[in-house]
Amino acid sequence: MPKKSKDAEDMIVAKGLTKVYGDFKAVDGIDFTVKRGESFGLLGPNGAGKSTTMKMIASTSQRSGGELLILGKDPNKHGPEIRAHLGVVPQQDNLDRELKVWENLMVYGRYFGLSRKFLKGKINELLEFAQLVEKRNNKVEELSGGMKRRLTIARGLVNEPEILMLDEPTTGLDPQARHILWDRLFRLKELGVTLVITTHYMDEAEQLCDRLMVMDKGKIMAEGSPAELIKKYSSKEVLEVRFGSENNATVAEQLKGIGDRLEILPDRILVYTDNGEKALEKIVKKNLHPVTSLVRRSSLEDVFLRLTGRSLVE
Amino acid sequence: MSLDTSTEPKMTWTGAKTLVDPQVAIKRGALYVAENRIMNMLKWWKSVIAFGLGNPTLYLLSIGIGIGALVDNSVGSNGIDGVSYLTFLAPALLVTAGIQGALDEVTWPTLEGFTWERTFFAMNSTSITARQIVNGVMLAAMARCVLQIFLYELCLLAFGAISWQSIPGLLLVSASAGFGFSAVMLAFAANIKDDDGIFAIVGRFVVTPMFMFSGTFYPITSLPIYLQWIGWISPQWHGTNLGRSLSYGMPVENWLFILHWSLLLGMGAIGLLLAYRIFEKRLAK
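Residues numbered from 1 in each chain as written. Chains lettered and ligands numbered in written order. Predicted model: local features only at pLDDT ≥ 70, side-chain atom pairs only at ≥ 80, totals over all residues.

Asks: Lay out the overall build of chain A in plain terms, naming residues and giving numbers.
Replies: A tally of helices and strands in chain A yields eleven helices and 13 strands. Reported as C-alpha extents along the three principal axes, the dimensions of chain A are approximately 75 × 45 × 40 Å. Counting every position in chain A, which comprises 314 residues, the buried fraction comes to 52%. Long-range pairs, those at least 24 residues apart, make up 68% of the contacts in chain A between residues at least 6 apart in sequence. (Helix = DSSP H or I, 4+ residues; strand = E, 2+ residues; numbered from the N terminus. Buried ≥ 20, exposed ≤ 12 C-beta atoms within 10 Å, placed from the backbone. Contact = placed C-beta atoms within 7 Å.)

Right under this line is the structure:
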C-alpha cells in the first residue's frame with residue numbers, strides 16, 4: 001500500500017467548489033486538495049457545509065459550480081466509476097436491519113461486483129477488524145450503537161477503497177465506543193488509507209487528522225495541521241475563570257491587559273496566554289477572586305472561537 | 001466492552017483500483033439490487049407465500065366455488081361467456097395475485113430504502129445508480145409476482161379452473177398487469193417522506209375498488225355506466241380481459257386487444273420513467 005509523501009498523488013482537488021440549494025449557498029467557493037495517504041478533516045459546527053462537501057466528494061450530489069476532481073475524474077461525468085473506488089461511512093447508519101451482520105457485508109460487497117468467494121475471506125477480516133466476529137450471525141437490529149458504527153465502517157472498507165469518507169463517525173456514541181472507533185481508524189491511517197473525516201468534535205479532529213479545514217457558513221475559515229492552526233490562531237495555554245454569570249462581563253473590563261486576548265462567554269472568561277498560572281496570579285493580585293479557575297492547553301475549539309466568534313458545539 | 005489489543009487484526013489490501021472493475025458493477029448493478037431485495041424477501045418467505053396465496057385462495061373457495069355453485073345453478077354451467085363461473089373468475093384472480101405480489105415489493109421496501117433504513121442511499125454510495133435501484137427493485141418485485149402467479153396457477157389447475165396449456169399465457173398477462181400497476185406505485189412510493197397510513201388509504205381507496213369494480217366477479221357491462229370507468233382505467237380489468245381471451249377464448253376485438261396491452265405496458269413504462277426521475281432527485285439531495 002502506498003504511503004503518503006509531499007509528492008503523493010492528488011486524490012481530491014476542489015477549486016471554487018460551490019453547492020446552492022435555491023437561494024442558499026451551502027458551500028461557497030472552497031478550494032482544497034487531499035493527497036494520497038493523508039488524513040484530512042473538515043471541522044465545523046452543524047450547517048457549516050461539511051456534509052454537503054462530503055456528498056459532492058462522494059459523487060452522489062452534483063456541484064453547482066467550480067471544479068472538482070476525485071481520483072483524477074470529474075464526478076459529474078464519472079460518478080459510478082469514482083464511487084467504485086470510494087468507501088463511504090454516512091452520518092446516519094444505513095445498514096440493512098433485516099439482514100445479519102455478515103450478510104450486510106456480503107450484499108454491499110456484491111454492489112461493487114466482487115465475487116462471493118473473495119467476499120467470504122474479506123468478511124472474516126473485516127469482522128475481526130471491527131471486533132464483530134462473535135456478532136457475525138446476529139441481526140443488525142440487535143447491535144449497540146457503537147457496533148453498528150463499526151459495522152458501517154467495516155462495510156465501507158469492503159472494496160479496499162482509495163479514499164474512505166467518514167461523516168461524523170462518532171456522533172452519538174459513548175466515550176468508550178468512541179475510543180474503540182478511533183483506534184480502528186488510526187490503524188487504517190497507519191495502513192496508509194486516505195481518510196476524509198467530518199466532525200464537530202475537536203478532540204476527534206486532533207486525534208485523527210493530519211490536516212484540517214475549518215468551515216463555517218459554507219466557507220473555509222482556516223486550513224492546516226491541528227498544531228499549526230492552534231499555533232497560528234491561539235496561544236499556548238488558556239486560563240478559564242468564572243466569576244458568576246452576572247459578573248463576568250464587568251470583571252472582564254478589569255482583566256484587559258492580562259494575556260494576549262480575552263474571550264468573554266456567558267458562563268466564563270477565557271484568557272489566552274503563554275502561561276496560565278502567571279495570568280491567574282496577576283488576576284488575584286488585582287484582588288479579583290474567581291469562583292473557579294482552570295489552566296489548559298489551547299485546542300481547536302479555541303481556534304474555532306477565534307475564527308468565528310462562536311462555539312463549535314452549540 | 002474493552003478494546004482487545006492482544007490480537008492485531010490482519011488486513012490484506014490490494015486496493016480498489018486493482019480489486020474493483022467499475023464496468024462490472026455498472027453493467028450488473030440492477031441485478032445486485034435485485035439480489036439484495038430477494039435476500040430480504042427470503043427472510044419472510046413464509047409470510048410471502050401465505051399472504052400471496054392466502055387471499056386469492058380464500059376468494060377461490062368462497063366466491064369461485066361457493067358463489068360459483070349458486071351462479072351455475074341459476075344460469076347454468078355455461079352461464080357467463082359460455083363457461084362455468086370458476087373458469088370465468090380464474091383469470092381475474094390470477095391478475096389480482098400478480099398485482100398484489102408486485103405491489104408488496106415496491107411499496108414498503110421503497111419506504112424502507114428512502115426513509116426507515118435509508119438502504120437506497122447505501123446502494124447509491126457504490127457504483128449503483130438511481131436507475132439501477134429502480135430496475136433492481138422492479139426485477140425483484142416481478143420475481144415475486146411471477147412466483148406468486150405460478151403457484152396460484154397450480155392451485156387453479158388442481159381445481160380445474162384453467163387448462164395447463166393456458167399457464168404461460170396467463171402468467172404473461174397477469175405479470176404484465178402486476179408490472180404496470182407496480183411501476184406506477186413505485187413512483188408514488190418514492191415520493192413518500194414518511195408512512196402516515198398512506199398505503200392503507202391506497203389499499204382501501206385504490207386497490208380494493210380496482211379489484212371490486214373491474215369485471216373481476218362479473219362482466220364490467222353489468223355495472224351502471226357511471227361505475228364502469230373504474231374498470232377502464234384499471235390494469236385489473238385490462239389484464240383480466242386479456243386473461244379471459246387466452247384462457248377460454250373470450251372474444252376481444254382487435255382494437256381492444258391492442259388497448260389492453262398498450263395500457264398495461266404503457267403504465268409500466270410511464271411508472272418507470274417517473275420513478276427514475278424521483279429516485280435520481282431524492283438520492284442526490
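Asks: Break down the overall build of chain B for me, with residues and values.
Replies: Per the secondary structure count, chain B includes twelve helices and zero strands. Each helix and strand of chain B, ordered N terminal to C terminal, gives the series α-α-α-α-α-α-α-α-α-α-α-α. Along the longest, intermediate and shortest principal axes, the C-alpha atoms of chain B span 85 × 35 × 35 Å. Evaluated residue by residue, chain B yields a buried proportion of 45% over its 285 residues. The contacts of chain B with a sequence gap of at least 6 include a subset with a gap of at least 24, amounting to 80%.

Asks: Could you give an account of the interface of chain B and chain A, with specific residues and numbers?
Replies: On the chain A side, the residues contacting the 39 residues of chain B number 37 residues. Going through the elements one at a time, α1 (16-19), α2 (22-42) and α6 (119-124) of chain B are the ones with two or more residues in the side of chain B that touches chain A. Ranked by residues supplied to the side of chain B that touches chain A, first place goes to α2(B) with ten residues. When the residues that make up the side of chain B that touches chain A are grouped by side-chain class, the tally is 19 nonpolar, eleven polar and nine charged. (Nonpolar A, V, L, I, M, F, W, Y, C, P; charged D, E, K, R; others polar.)

Asks: Outline the pairing of strand β12 (residues 269-273) of chain A, supporting the account with residue identities and numerical values.
Replies: All names here are of chain A. In terms of burial, β12 is a largely internal element, five of the five residues being buried. What you see with β12 is no split at all: I269, V271 and T273 on one side and L270 and Y272 on the other are buried throughout. Here five bridges tie strand β10 (residues 237-242) to β12, and the two strands are oriented antiparallel to one another. Its bridge partner lying in β12, L239 is registered against V271. Here strand β11 (residues 261-264) runs beside β12; their pairing, made up of four bridges, is antiparallel. Across the sheet, the residue bridging to L262 is V271, located in β12. Where β11 folds back on β12, the antiparallel hairpin that results is connected by four residues. (Pairing = 2+ DSSP bridges.)

Asks: Describe α2(B), with residues and values.
Replies: The end-to-end C-alpha distance of α2(B) is 28 Å, a good match for the 30 Å that 21 residues give at a rise of 1.5 Å each. Residues of α2(B) that are buried: P22(B), A25(B), G29(B), A30(B), Y32(B), V33(B), A34(B), N36(B), R37(B), N40(B) and M41(B). (Expected span 1.5 Å × (residues − 1).)

Asks: Residues and numbers for the nonpolar core, please.
Replies: What tends to happen in soluble globular proteins is that the nonpolar side chains get buried as a cluster. Grouped together as the largest cluster of nonpolar side chains are 147 residues, with contacts concentrated most on L126(A), A154(A), M165(A), L195(A), I133(B), V137(B) and L186(B). Once you skip the residues sitting within four places of it in the chain, L126(A) turns out to touch L105(A), A154(A), L157(A) and V158(A). (Core = buried A, V, L, I, M, F, W, Y, C linked by C-beta atoms within 7 Å.)

Asks: So what about the packing of helix α7 (residues 130-158) of chain B against helix α12 (residues 254-283) of chain B? Which residues, and what values?
Replies: All names here are of chain B. Look at α7 against α12: their axes get within 8 Å of each other, and the N-to-C directions meet at 130 degrees. Accordingly, the angle class assigned to the pair α7 and α12 is oblique. The two elements α7 and α12 cross, and the hand of that crossing is right-handed. In contact with A130, R131, I133, V134 and M138 of α7, α12 contributes L272, A275, Y276, F279, E280 and L283. (Axes fitted to C-alpha atoms, helices over the stretch in contact; angles between N-to-C directions. Parallel < 35°, antiparallel > 145°, perpendicular 65-115°, else oblique. Left-handed = near helix turned anticlockwise from the far one by under 90°.)

Asks: Kindly report on the sheet that holds strand β5 (residues 86-89) of chain A, identifying the contributing residues and their values.
Replies: Each strand in a sheet pairs with another by means of backbone hydrogen bonds, the pair being arranged parallel or else antiparallel. All names here are of chain A. Spatial strand order, β5-β6-β7-β3-β8-β9: six strands in an open sheet with mixed pairing. Across the chains shown, the open sheet's two edge strands, defined by having one partner strand only, are β5 and β9 (219-224). Strand after strand, the sheet turns through a mean of 15 degrees between neighbouring axes, direction not considered. Two strands pair when backbone bridges link them, and β5 and strand β6 (residues 163-167) are joined in this way by four bridges, in the parallel orientation. Bridging from a neighbouring strand, L86 pairs with I163 of β6. The strands that helix α5 (residues 145-156) touches are β5 and β6; relative to β5, the one it contacts most, it runs at about 165 degrees.

Asks: For the sheet that holds strand β13 (residues 292-297) of chain A, give the residues involved together with the corresponding values.
Replies: Residue and element names in this part refer to chain A. One open sheet holds the four strands; their spatial order is β11-β12-β10-β13, and the pairing between them is antiparallel. Looking along the sheet, the strands with just one partner apiece sit at the ends: β11 and β13. Direction aside, neighbouring strands of the sheet carry axes that sit 20 degrees apart on average. Those strands touched by helix α10 (residues 276-285) are β10, β12 and β13, and its axis lies near 35 degrees from that of β10.

Asks: So what's going on with α12(B)? Which residues, and what values?
Replies: Residues and elements named next belong to chain B. Compared with the 44 Å implied by 1.5 Å per residue over 30 residues, the 43 Å span of α12 between its first and last C-alpha is a close match. Residues of α12 that are buried include every one of H260, L263, L264, M267, G268, G271, A275, I278, F279 and L283, and no others. Structurally, α12 contributes buried residues whose contacts are with α6, α7, α8 (167-190) and α11 (235-248).

Asks: Explain the domain arrangement of chain A to me, and be specific about the residues and the numbers.
Replies: When its domains are assigned, chain A resolves into domain 1 (10-230) and domain 2 (235-297). The distance between the C-alpha centroids of domain 1 of chain A and domain 2 of chain A comes to 39 Å. (Domains from an automatic or database assignment.)

Asks: Account for the packing of helix α3 (residues 45-75) of chain B against helix α4 (residues 85-106) of chain B, with residues named and values stated.
Replies: All names here are of chain B. At their nearest, the axes of α3 and α4 sit 10 Å apart, and the two run at 160 degrees to each other. Relative to α4, α3 is oriented roughly antiparallel. As α3 runs across α4, the sense of the crossing is right-handed. Contacts from G52, N55, P56, Y59, L60, I63, G64, I65, G68, V71 and D72 in α3 reach Y85, L86, L89, L93, T96, A97, Q100 and G101 in α4. When its residues are assigned to classes, the contact of α3 with α4 shows eleven nonpolar, seven polar and one charged.

Asks: Provide a residue-level description of the pairing of β6(A), including the pertinent values.
Replies: All names here are of chain A. Most of β6 is tucked away: five of the five residues are buried. Side-chain alternation along β6 places I163, M165 and D167 on one buried face and L164 and L166 on a second face that is also buried. In this sheet, strand β7 (residues 194-199) lies alongside β6 in parallel orientation, the contact comprising five bridges. Residue pairing for β7: L164 is matched across the bridge by L195. Regarding topology, helix α6 (residues 175-191) serves as the crossover connection from β6 to the parallel β7, and that connection is right-handed. (Right-handed = clockwise from strand over helix to strand, strands pointing away.)

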